[in-house]
Number of protein chains: 2
Amino acid sequence: MLQPLGLVTTTIADEVFAKIRQAIVEGEIPSGSKLSEPEMATRYGISRGPLREALRRLESSNLVERRANFGARVVTLTFAGLIEIYQLREALEGMAARLAAECMTPAEIADLRALLARHRDQVAGDPSGAYFQKEGDLDFHFRIAQGSGNRRLIAMLCNDLYYVARMYRYQFGMAGDRSRAALDEHGLIVDAIAERDGELAEWLTRRHIRASRRHAERRLGAQPQPDESRGSP
Amino acid sequence: MLQPLGLVTTTIADEVFAKIRQAIVEGEIPSGSKLSEPEMATRYGISRGPLREALRRLESSNLVERRANFGARVVTLTFAGLIEIYQLREALEGMAARLAAECMTPAEIADLRALLARHRDQVAGDPSGAYFQKEGDLDFHFRIAQGSGNRRLIAMLCNDLYYVARMYRYQFGMAGDRSRAALDEHGLIVDAIAERDGELAEWLTRRHIRASRRHAERRLGAQPQPDESRGSP
DNA sequence: TATGGAATAATTGTCGACAGATTTCATGCT
DNA sequence: AGCATGAAATCTGTCGACAATTATTCCATA
């Protein structure tokens, strides 16, 4: 008998991959630590085969680094690495917003507005910004990416970059503040998408991510870099 | 004894990965064909272990698709997929050019100019555009990406996107023409980088890639899509 | 005491074999 | 004849073991 819809044949490597990814993102497995194959295999009660498969996927997600005959290590978080993420997000999410303004259906836009309203309520009810600590912010960006209709772009953002961004957020402890400003910026982006103004949506998104980057730079006590990536007025 | 420099410990999976990648890009292994593990293993004289490692890397390079308990297939090239590549390249290479204008050393810029001069000679000597058929064009883009200084961006472009772009170029047979126009556009981009004008470099690069996309659209006989991703003047 | 090197230990890369799942093909029924 | 059912065959996922490389430790020597 055929499965009616969505054949979700999950494998051991899949499950272990998801488990290790969560452990890395949330800091349970410390950044920079070595991932010994025999130790991890016994730790998760599996053989080394599927474990290596999981490690390989974590490598392609940019969460671990592997060297031949050396082993796998969790990536070390650096300020320069965080800047690289922001630069990529500015380029990719800017394009995603532009495409979303052209591709998203009215129903999807309505859903996006509803999500934004929920975020506003949560932030108003809890001024400490707990919702943003739970990645409500990335949830919004997630939807924009999916609205682009570009599967490759969606995969890059949702499967790779956002997990690394969450990892930095958890372990650098920069979550929660800037809630209201971010919410306002999100609102402007949704308006631009609703008006099918792709160019404005891209410009607003890039400015939004640049603002997040500058906020992180201030928060981490580093001197802000020269303002590359300024959109044209 | 320590290796003096550049520890190039290569593994079987590495070599087979490179071999299969080349075979896929150049069309020797047809697009959409199934990659049977036992057959491929005997074909390359190795076991299934390193072969699976190679297939995993090909998957993360977006050259093959894998499903659990189903197997690996070479990706099927579609017009929509080509458009997705162009959209990504516009966003990523635009950012790369902006960063290159800020980061490249004068020596690197001089090298880039020398490369461009060589390209001009080759195109002038062979009006059929043979050099561009040999990926001289992508060679230029390769250098811009590396000039960005963003390792993640470099990896995305040089390890993934450019191979897929070459695959489309080989198998859709759209290489060689547009040589002179592309050369002129390359020259403008180098000038902008030399003047440290990141914003102009990004704008020119995005326009350059949009022009390539429109050319491909015309060549493939499809109606050009609405001109999304138009830079602000 | 510090340094260089060799032997040991541990880890990764590779291989062959078994178990589970999927596809294919043959068979029987409507 | 066409379709559903079931069994054989093939393939992928998983496991344990061996080989090659690397890291570590210990000893000898300057």
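Residues numbered from 1 in each chain as written. Chains lettered and ligands numbered in written order. Predicted model: local features only at pLDDT ≥ 70, side-chain atom pairs only at ≥ 80, totals over all residues. Heavy atoms only, no water.

Enquirer: Can you explain the sheet that holds strand S3 (residues 71-74) of chain A? Please cite residues and give values.
Expert: Residues and elements named next belong to chain A. Here we have three strands laid out as an open sheet, ordered S1-S3-S2, and antiparallel in their pairing. Each edge of the sheet is formed by a strand with only one pairing partner; in this case those strands are strand S1 (34-35) and strand S2 (64-67). Relative to S3, S1 runs antiparallel, the two sharing two bridges. Looking across to S3, one finds that Lys 34 is bridged to Arg 73. (Pairing = 2+ DSSP bridges. Helix = DSSP H or I, 4+ residues; strand = E, 2+ residues; numbered from the N terminus.)

Enquirer: Describe the protein's contact with DNA strand D, naming the residues involved and giving the relevant values.
Expert: Of all residues adjacent to DNA strand D, which total 21 residues, the nearest are Thr 11, Ile 12 and Ser 47 of chain A together with Arg 48 and Arg 52 of chain B. Counting only atoms of DNA strand D within 4 Å of the protein, the fraction found in sugar and phosphate groups is 73%. Ser 47 of chain A is positioned such that a nitrogen or oxygen atom in its backbone is 3.0 Å from a phosphate oxygen of DNA strand D. In this structure, Asn 69 of chain B approaches DNA strand D through a main-chain N or O atom, which is 3.3 Å from a phosphate oxygen. The set of elements that each furnish at least two residues to the surface near DNA strand D consists of helix H1 (12-25) and helix H3 (48-60) of chain A together with strand S1 (34-35), helix H2 (37-44) and helix H3 (48-60) of chain B. Considered class by class, the residues forming the surface near DNA strand D number eight nonpolar, seven polar and six charged. (Near = heavy atom within 4 Å. Polar contact = N/O pair within 3.5 Å; in protein donor to acceptor, adjacent residues only side chain to side chain. Nonpolar A, V, L, I, M, F, W, Y, C, P; charged D, E, K, R; others polar.)

Enquirer: Which residues make up the pairing of S3 of chain A, and what values go with them?
Expert: Residues and elements named next belong to chain A. Judged by which residues are buried, S3 turns out to be one-sided: Ala 72 and Val 74 face inward and are buried, whereas Gly 71 and Arg 73, on the alternate face, are not. The pairing of S2 with S3 spans four bridges and is antiparallel. Bridging across to S3, Arg 66 finds its partner in Ala 72. In this antiparallel pair of consecutive strands, S2 and S3, the connection spans three residues, and Asn 69 shows a positive phi of 55°. (Buried < 20%, exposed > 50% of the residue type's maximum accessible area, 1.4 Å probe, protein only.)

Enquirer: Account for the packing of helix H9 (residues 179-194) of chain A against helix H10 (residues 198-219) of chain A, naming residues and giving values.
Expert: The geometry of a pair of packed helices is captured by two quantities: the angle between their axes and the separation between those axes. Residue and element names in this part refer to chain A. Across the interface, H9 lies against H10 with an axial gap of 8 Å and an inter-helix angle of 165°. Classified by the angle their axes make, H9 and H10 are roughly antiparallel. Handedness of the crossing formed by H9 with H10: left-handed. For the pair H9 and H10, the contacting residues are Ala 182, Glu 185, His 186, Leu 188, Ile 189, Ala 192 and Ile 193 in the first and Leu 200, Ala 201, Leu 204, Thr 205, Arg 207, His 208 and Ala 211 in the second. Grouping the amino acids of the contact of H9 with H10 by side-chain chemistry returns nine nonpolar, three polar and two charged. (Axes fitted to C-alpha atoms, helices over the stretch in contact; angles between N-to-C directions. Parallel < 35°, antiparallel > 145°, perpendicular 65-115°, else oblique. Left-handed = near helix turned anticlockwise from the far one by under 90°. Contact = heavy atoms within 4.5 Å.)

Enquirer: Please set out the sheet that holds S1 of chain B residue by residue, giving values where relevant.
Expert: Reading across the sheet, the three strands line up as S1-S3-S2 (chain B) and stay open at both edges, with antiparallel pairing between neighbours. Every interior strand has two partners, whereas the edge strands, S1 and strand S2 (64-67) of chain B, have only one.

Enquirer: Help me get a handle on H3 of chain A, residues and values and all.
Expert: Helix length check: H3 of chain A, at 13 residues, gives a terminal C-alpha distance of 18 Å against a target of 18 Å (1.5 Å per residue), a fit within 8%. Those residues of H3 of chain A that sit buried are Leu 51, Glu 53, Ala 54, Leu 55, Arg 56 and Leu 58 of chain A. (Expected span 1.5 Å × (residues − 1).)

Read these as geometric descriptors, not functional statements.
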